[in-house]
Every structure is written in C-alpha cells, then in structure tokens.
Amino acid sequence: MNGADTAFVLISAALVMLMTPGLALFYGGMVRVKSALNMLMMSFISLGIVSVLWVLYGYSLAFGTDTGGVIGNFEFAGLKGIGVETLTGGDEGIPVFAFIVFQLMFAVLTPALMSGALADRVKFSAWAVFIALWATVVYFPVAHWVWAEGGWLFELEVIDFAGGTAVHINAGVGALAAVLVVGKRIGFKKEPMRPHSLPLVVLGAALLWFGWFGFNAGSALAANGTSATMALNTQVATAAAILGWLIYERVRHGAFTTLGAASGAIAGLVAITPAGAHVNAVGAIAIGLVAGLVCSWAVSLKYKLGYDDSLDVVGVHLVGGVVGTLLVGFLAIDGVGGVEQFGKQAVGAFSVMAFSFVVSWILAKLIDVTIGFRAGEDDETAGLDQAYHAETAYDFSAVGGAPGSRGTAGATGSQTDSVTAPSSGEPGKKVDA
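This write-up is about the structure you can find in this document. A quick note: this is a predicted structure, and the numbers were derived from the prediction, not measured.

Moving on, we get to the overall build of the protein chain. In terms of regular secondary structure, the protein chain is built from 15 helices and two strands. Here the C-alpha atoms of the protein chain give a radius of gyration of 21 Å, agreeing with the 22 Å that 2.2 N^0.38 yields for 433 residues. Its C-alpha atoms put the protein chain at 70 × 50 × 40 Å along the principal axes. By residue count, 57% of the 433 residues in the protein chain fall in the buried class. Once local pairs closer than 6 in sequence are excluded, the contacts in the protein chain between residues at least 24 apart make up 77%. Accessible surface, the protein chain: about 16,300 Å² in total, of which carbon and sulfur atoms supply 67%. Positive and negative charge centroids in the protein chain, built from 20 and 29 side chains respectively, lie 15 Å apart.

Structure (structure tokens):
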C-alpha cells in the first residue's frame, strides 16, 4: 500500500464531496428567492440517495466484472468481498475503499448537475425518484463504458480523464431531455428571472473551483506528475475561460457581468476535465478560451430554440463537455492526438449523448405520467420553498418588527421577490428589479 497516494485520494474525495454543496450555493444564488431552498435541496438530496445506492449496487454495476462492454455485474453488491487490505492499482496501490469513496463523489455530483436545468418548477419527491432511477440506468452504465476495464469506450481508448463524457455530457443532455418533458417555467421569456444573490453564486463557483482540483488531479489516483499536470491545467484553463466568456459578453451585450465570470469559470472547469492530463499548459489555455467563448454563446440558444434550461446546464455542461472531449483529439501531446483520436472522441461524446438523452427522456416521461413531475401552478407561482420544505431562505420578520411578527416582507418571499431582482433573464437584457 502506498500511504502517500492513499492520503491524496482520500483528500481528493473530500474535495469532490464539497463540490455538491458548492453547486447547491451556485445554483441557489441564481434562482428567485422564493425557491432558493428548493434549489439547494435538489443538489443536497443527491448526497443522500446516490451514496446509499452506490454501496448497495452502484459501484458493482460501474466497476464490477464487465458484461458485454456495457455494464458490470452484482459481484460487489453491498461491497461484498472487498476488505481494508484489498488494493487497486500496480504493485503499490491504494485501498479499493479509497477508490470507491472517490468515485462515489462523482456519482453524487453528476445527477445534482442536472437540477439547475429544472429549477423553480418540479416536485421535490419526483426529483428524488428521478435521481435514483437516472443514477441506476444512466450514470452507472456510462461510468462503466468510460472507466471500467472491458467497458466499450474504455477499450476503444476514448480519452476521458476525469469525466467529460461520463459526468458533464451525460448530465447536460440528460437535463435537456428532462426539460423537454417538464416544459417551461411560468413566465419564461416574459418575466425577469434574475439571480437573487450574486454573492452566493460567486461563493458556490469558488467552492466548485476549489473542489475541482480533487475532481481532476485526484483522478490520477496517485500523487505524481500526472496529478500535478492536471492541477496546473485545471487552473489555467479556468482562468482562460473566464476571459473568453467576459470578452464575448462585452462584445455581444456590452458588460462584464459577475454572473458571466462565475459561469465562465465553470465552463473552463468542465472543458478541461476530460483533457487536462493529455495537454500542456498552452493547450489547456486554448481549451479554456474556446470553452468560455462557445459556452457564452451557447447559453443564448434556449431563447432562440425555446427550451427552458433555467440555469444553463445545457449551455455550460453539455457544450463545455463536448468542447473538451473533442479538442483533446487535436491538442494531446503524448502521442495520442490526431484525426484518429478525434474520431474516437467524437464516438464517445455522441454515443453518450444519444444514450443519455433517450433514456433520460423515457425516465422523465414515466415519472410525469405516473406521479407527476411538474409542480402545481399555485406552488410554482408562490414559490417551492414553502410548498415542499415549509421554510424560507431568508426570514425578514425580525427586521423592523416586533418579535414573532411577520414584518412587511412576508416570510413566503412573495413580496421580497419584487425587491430582490429575481433570477436569470436573457443574457445582456437590463431589467429593473
């Protein structure tokens, strides 16, 4: 057992775990105040559901002995047969339990990413069921395809070092499928829906950026040159993506927005995830710059094409994942780049897109016609925090009022919304609060 590598992977797992609460804050700040807690919970509940499923059968399906190149088996169900001295990786490895908990955090984060696309309008119970089903029949098989020995994309030698296909493309296209089933928010393209708290958005983006070093560098499963390369490339690609997004935003919309800077950072992090171990720092900057420019343009497509991706999951995660996955085919410096590798990358990206879209749409439709996916109109209008959680994000009752009084800004947030500039409208449009 290599103690240094084991410690590194365990710390990386903890960093990746932090990304899910970070994502909750990032998304939570972008919605209107009346549904802010619901947005936090849509991410946070994934920690509960997927963690349990991963132990029961998820790890076994993703990394168990291959069955036909598409899925593992149930040999490790309940982590059967794995002990504290069971190692993975070379002559001096890490405990399998360290690998299991590291990969668990990927499985938790991926369905949580989709929640932003459905903000403000779905039943919380239906979302919880969707997460459980989606992780089981979409994420676990795709993770096997990409990362497990015997998986067909693994054997094809598709490069996905830390999750461009299995995580970001998978979640982005799954979110698109669910959006098409659920439909648009009430008032989409008619009412201002701006972020209620940009400081929360920036805090969430910072936590994601911090955690992403574990996500990317930790995927080396060792404290070595590959993990160091990945850490450096993660930083510079993200920096370049911020600049690319802001340049596009300034030219197209006339402003350098805080939301744009935060979104650009996430786009860069997404794009470098599959590619960072196989490019140099200049290549990482190129990937980040392209991702920032392309994703900034892509988020406007929802207004032109008419699908309501509330918080731009499709524009950032799907498009950013495709950018990084394809560009590594040209920019790789370790002998794997070129037209042939680009073809393999395209097969990986578009096969995951096709599978995830079809199965995600079927799952969302199944939930919609059985228990109902969409929140009731009254609940959506009033806000999902009170409807599903019996709480509000901010209690204004104590401000200028007697103890126990509700004050002038009711705790439901309905009056507060008129003051605090609701969530994200069309990029570049200046709408008075």
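Having seen it, we continue.
In terms of nonpolar packing, the biggest core is built from 107 residues, with Phe130 and Phe373 touching the most fellow members. Setting aside its immediate chain neighbours within four residues, Phe373 contacts Leu118, Arg121, Val122, Lys123, Ala126, Trp127, Phe130, Val182, Ala364, Ile367 and Asp368. Within the second largest apolar cluster, 13 residues are counted, among which are Ala271, Ala284, Val328 and Ala332.

An ideal rise of 1.5 Å per residue puts 26 Å on 18 residues; helix 10 (residues 281-298) measures up with 25 Å between its terminal C-alpha atoms. Every buried residue of helix 10 is listed here: Gly283, Ala284, Ile287, Gly288, Ala291, Gly292, Cys295, Ser296 and Ala298. Tucked into the core, helix 10 has its buried residues touching helix 8 (225-253), helix 9 (258-275), helix 11 (301-305) and helix 12 (313-331). Two or three places before Val282, at the start of helix 10, stands the capping residue Asn280, its side-chain oxygen 3.2 Å from that residue's backbone nitrogen.

Side chains that are three or four residues apart share a direction in an α-helix, a result of its 3.6 residues per turn. In this model, helix 1 (residues 3-30) (28 residues) spans 41 Å end to end at C-alpha, consistent with the 40 Å of a helix rising 1.5 Å per residue. The N-terminus of helix 1 is capped by Asn2, whose side-chain oxygen sits 3.1 Å from the backbone nitrogen of Ala4.

Of all residues except glycine, most have a negative phi; of all peptide bonds, most are trans. The backbone of Asp120 shows a phi angle near 80°, a positive value even though the residue is not glycine. Within the secondary structure, Asp120 sits in the loop between helix 3 (96-114) and helix 4 (124-147). Its relative accessible area of 5% is what places Asp120 among the buried residues. Even without being a glycine, Asp312 presents a positive backbone phi close to 65°. In this fold, Asp312 is placed in the loop between helix 11 and helix 12.

One can find Ser356 in helix 13 (residues 339-370). Between the C-alpha atom of Ser356 and that of Ala175, which follows or precedes it by 181 residues, the distance is 9.4 Å. Not counting the four nearest positions on each side in its chain, Ser356 is found in contact with Trp134, Val138, Asn170, Val173 and Gly174.

What counts, and where the lines are drawn
Residues numbered from 1 in each chain as written. Predicted model: local features only at pLDDT ≥ 70, side-chain atom pairs only at ≥ 80, totals over all residues. Heavy atoms only, no water. Helix = DSSP H or I, 4+ residues; strand = E, 2+ residues; numbered from the N terminus. Rg over C-alpha atoms; globule rule 2.2 N^0.38 Å. Buried < 20%, exposed > 50% of the residue type's maximum accessible area, 1.4 Å probe, protein only. Contact = heavy atoms within 4.5 Å. Areas by Shrake-Rupley, 256 points an atom, 1.4 Å probe, with all protein chains shown as cover. Lys, Arg positive; Asp, Glu negative; His and termini not counted. Charge placed at Lys NZ, Arg CZ, Asp CG, Glu CD. Core = buried A, V, L, I, M, F, W, Y, C linked by side-chain atoms within 4.5 Å. Expected span 1.5 Å × (residues − 1). Polar contact = N/O pair within 3.5 Å; in protein donor to acceptor, adjacent residues only side chain to side chain.

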